Amino acid sequence: MADRKLTVFLCHASQDKSIVRDLYRQLLATSWIDPWLDEEKLLPGQDWDLEIEKAVEASQAVIVCLSSRSVSKEGYVQKELRKVLDIALEKPEETIFIIPMRLDECELPRRLRAWHYVDYFPPERRAWAFQRLTESLRVRFNQAGLPAKSHANGAGPAPVLSRIEAPAPASRQPTGLAGREQAETNILDVAGSLFLLAYLMVVALAYLGDTSDFLDLAKGVLAFGAGLLILLQRRFPAARLFRIAFTVFLVFRPLAHYLEYTGEEIEIAWPILGLLALATAGTLVAAIRGPAGKKAYSSLLIAAYLFLVVLEVILQSLGIYGSSILLASILLSVITSVLLWMDL
């Protein structure tokens, strides 16, 4: 019986063909892997869509190659990737089937964030990235129950004898995303989180009964600092629990202010809001050294919301606080909370 190989489908966009072609050649040179690339496997006259679908169904692993160009390309995610995800749902738990691979500093589509990715860039890190990739494929080889004869016969993957250390990039820090994604926090990330934490603590004190003028000033200063840092980075803590807590806080705060403005104030609303701010601060403490999510629109709206808090403090100190500011606060809170909820 002929030796079986691990069939690996390379899911990619045409704009990334050159770098994917290089990856294909490396995989092809690995004796126990049979990679599938459209330009190499498709024959003239074959139905492109049908053959792609058959190839995905027959593959034992799929490498989804992602770049800034491919993730924004219409039809790319909707076609090949949808089929890949449907097949992945049929696999047993812990099966390695989908392997996202970033070709540049792009943001993963929402539906791929459940899987840990590998970065195939910059060029000096590719040898390390390829080794990490083949380690995953080696695990998949064993999961698929393929015959594991001696490596000398070319039938199975060789054991890892040594590990290539990843070179430290000189000027790049990977972007972190929610869930299992890894990232390195930097000084601005931590500073922005600390300002946001201090703002939430001050808000908690204010709503739990402390009405000193100093707290109003501190709230404005801290909101400005947090908003500025988030605006500069367009990043904020990616921990799911923090986002949930902050979303609830964003929804409840303008609601409490609206009740006060309309004369229907419920006394318990303010202590509840203070406790929500305290709970959000607690989740932020747990997330402060975790990865930060680069979400441009959500980050901009959060920064806008914090700057609106600064405007509220300024106008209140001048005795000028009207319904227009309250309405803007409510609208921004709702829009930002919706975007945060969508990012969960």
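Computed from a prediction, not measured in an experiment: that's the story for all the values here.

Help me out: how do you make sense of the overall build of the protein chain in this one?
For the protein chain, the helix and strand inventory stands at 11 helices and 7 strands. Here the contacts in the protein chain between residues at least 6 apart in sequence split such that 76% fall between residues at least 24 apart. Summed over all atoms, the accessible surface of the protein chain reaches about 17,300 Å², with 60% contributed by carbon and sulfur.

Before we go on, may I ask you to explain the sheet that holds strand β3 (residues 61–66) in this structure?
Either a parallel or an antiparallel arrangement is found when strands of a sheet pair, and the pairing is made through backbone hydrogen bonds. The 5 strands lie next to each other as β2-β1-β3-β4-β5, forming an open sheet whose pairing is parallel. Edge positions in the sheet fall to β2 (33–36) and β5 (118–119), since each has one partner strand and no second. The pairing of strand β4 (residues 98–102) with β5 spans 2 bridges and is classified as parallel. What sits directly across from arginine 102, in β5, is aspartate 119. Along the sheet face, helix α3 (residues 48–58) touches β1 (6–11) and β2 and points at about 135 degrees away from the line of β1.

Explanation requested: the side chain of aspartate 16 in the structure shown.
Its place among the elements puts aspartate 16 in the loop between β1 and α1 (17–28). According to the relative accessible area criterion, aspartate 16 is buried, its value standing at 1%. Contact partners of aspartate 16, with chain neighbours within four places excluded, come to Ser67, Arg69, Ser70 and Leu103.

Looking at this model, I keep getting lost on helix α5 (residues 126–143). Mind explaining?
Since the α-helix turns once every 3.6 residues, residues separated by three or four places project in the same direction. For α5, with 18 residues, the first-to-last C-alpha span of 25 Å sits near the 26 Å given by 1.5 Å per residue. Where α5 is concerned, the buried positions are Trp128, Ala129, Phe130, Gln131, Leu133, Thr134, Glu135, Leu137, Arg138, Arg140 and Phe141. Contacts made by the buried residues of α5 are with β1, α1, β2, β3, β4 and β5. Downstream of α5 by one or two residues, glycine 145 has phi in the positive range, about 70 degrees.

Sorry, what's going on with unusual backbone geometry here?
Only a minority of non-glycine residues have a phi that is not negative, and only a minority of peptide bonds are not trans. Cis geometry marks the peptide bond from phenylalanine 121 to proline 122, where omega comes out at -10 degrees. Inspection of the secondary structure assignment puts proline 122 in the loop between β5 and α5.

How should the packing of α1 against α5 be read in this particular structure?
Two quantities define a packed helix pair, namely the angle between the axes and the distance from one axis to the other. Between α1 and α5, whose axes approach to 12 Å, the crossing angle comes to 55 degrees. Relative to α5, the element α1 lies oblique. Read as a crossing pair, α1 and α5 show a hand that is right-handed. Where α1 abuts α5, its residues Ile19, Leu23, Gln26 and Leu27 lie against Arg126, Phe130, Leu133 and Leu137.

Looking at this model, I keep getting lost on the nonpolar core. Mind explaining?
Across soluble globular proteins, nonpolar side chains have a tendency to be buried as a group. One finds Leu196, Tyr199, Leu200, Phe246, Phe249, Tyr305 and Leu306 to be the most contacted residues of the largest nonpolar core, which totals 34 residues. At the level of secondary structure, the elements contributing two or more residues to this core comprise α6 (187–207), α7 (213–233), α8 (240–261), α9 (269–287) and α10 (296–317). Once residues within four sequence positions are removed from consideration, leucine 200 is found in contact with Phe246, Phe249, Ala277, Thr280, Ala281 and Leu284. Counting 26 residues, the second-largest nonpolar core is a separate cluster that includes Tyr24, Ala61, Met101 and Phe130.

For this particular structure, what's the right way to read the packing of aromatic side chains?
Between two aromatic rings, the relevant description is the distance of the centres plus the angle of the planes. Applying the stated criterion across every chain yields a total of 4 aromatic pairs. On the numbers, 5.6 Å between centres and 85 degrees between planes, the contact of tryptophan 32 with phenylalanine 141 is edge-to-face. On the criterion of sequence distance, the pair formed by tryptophan 32 in the loop between α1 and β2 and phenylalanine 141 in helix α5 is long-range, its members being 109 residues apart. Here phenylalanine 141 falls in the buried class, since its relative accessible area comes to 0%. Measuring from ring centre to ring centre gives 5.7 Å for phenylalanine 224 and phenylalanine 307, while their planes differ by 50 degrees; the resulting arrangement is tilted.

Explain the state of the cysteines here, please?
Any covalent bond linking the sulfur atoms of two cysteines counts as a disulfide. Evaluated as defined, the whole model comprises 0 disulfides. Not part of a disulfide, cysteine 11 finds its nearest cysteine sulfur in cysteine 65, a span of 7.6 Å.

How each quantity is defined
- All residue numbers refer to position in the chain's written sequence, counted from 1.
- Given that the model is predicted, a residue must reach a pLDDT of at least 70 before its local features are reported, and side-chain atom pairs must reach 80 or more before they are shown or counted; all residues, however, enter totals for whole chains, interfaces and linings.
- The basis for the side-chain values is all heavy atoms of the structure; hydrogens and waters are excluded.
- We count a stretch as a helix when DSSP gives it H or I for four or more residues in a row; a strand needs E for two or more, and each element gets its number in order from the N terminus.
- Throughout, a residue-residue contact means that at least one pair of heavy atoms, one from each residue, lies within 4.5 Å.
- Here the accessible surface of atoms and residues is derived via Shrake-Rupley with a 1.4 Å probe, and residues count as covered only by protein chains that are part of the display.
- What makes two strands pair is DSSP finding at least two bridges between them.
- Here an axis means a line fitted to C-alpha atoms, over the contact stretch when the element is a helix, while the angle between two N-to-C directions is reported on a 0 to 180 degree scale.
- Throughout, exposure labels follow a simple rule: accessible area from a 1.4 Å probe, protein chains only, divided by the maximum for the residue type, with under 20% read as buried, over 50% as exposed, and the rest as partly exposed.
- By definition here, a helix of n residues has an expected span of 1.5 Å times n minus one.
- Throughout this description, any angle smaller than 35 degrees is read as roughly parallel, any larger than 145 degrees as roughly antiparallel, any in the 65 to 115 degree range as roughly perpendicular, and the remainder as oblique.
- By the definition used in this description, the sense in which the near helix is turned from the far one sets the handedness, with an anticlockwise turn below a right angle giving left-handed and a clockwise turn giving right-handed.
- Working definition of a nonpolar core: buried Ala, Val, Leu, Ile, Met, Phe, Trp, Tyr and Cys residues. They are joined through side-chain atoms within 4.5 Å.
- Each pair of aromatic rings taken from Phe, Tyr and Trp, with Trp reduced to its six-membered ring, is defined by centres within 6.5 Å and is described as stacked if the planes are under 30 degrees apart, edge-to-face if over 60, and tilted in the remaining cases.
- Defined by distance alone, a disulfide is two cysteine sulfur atoms within 2.5 Å.

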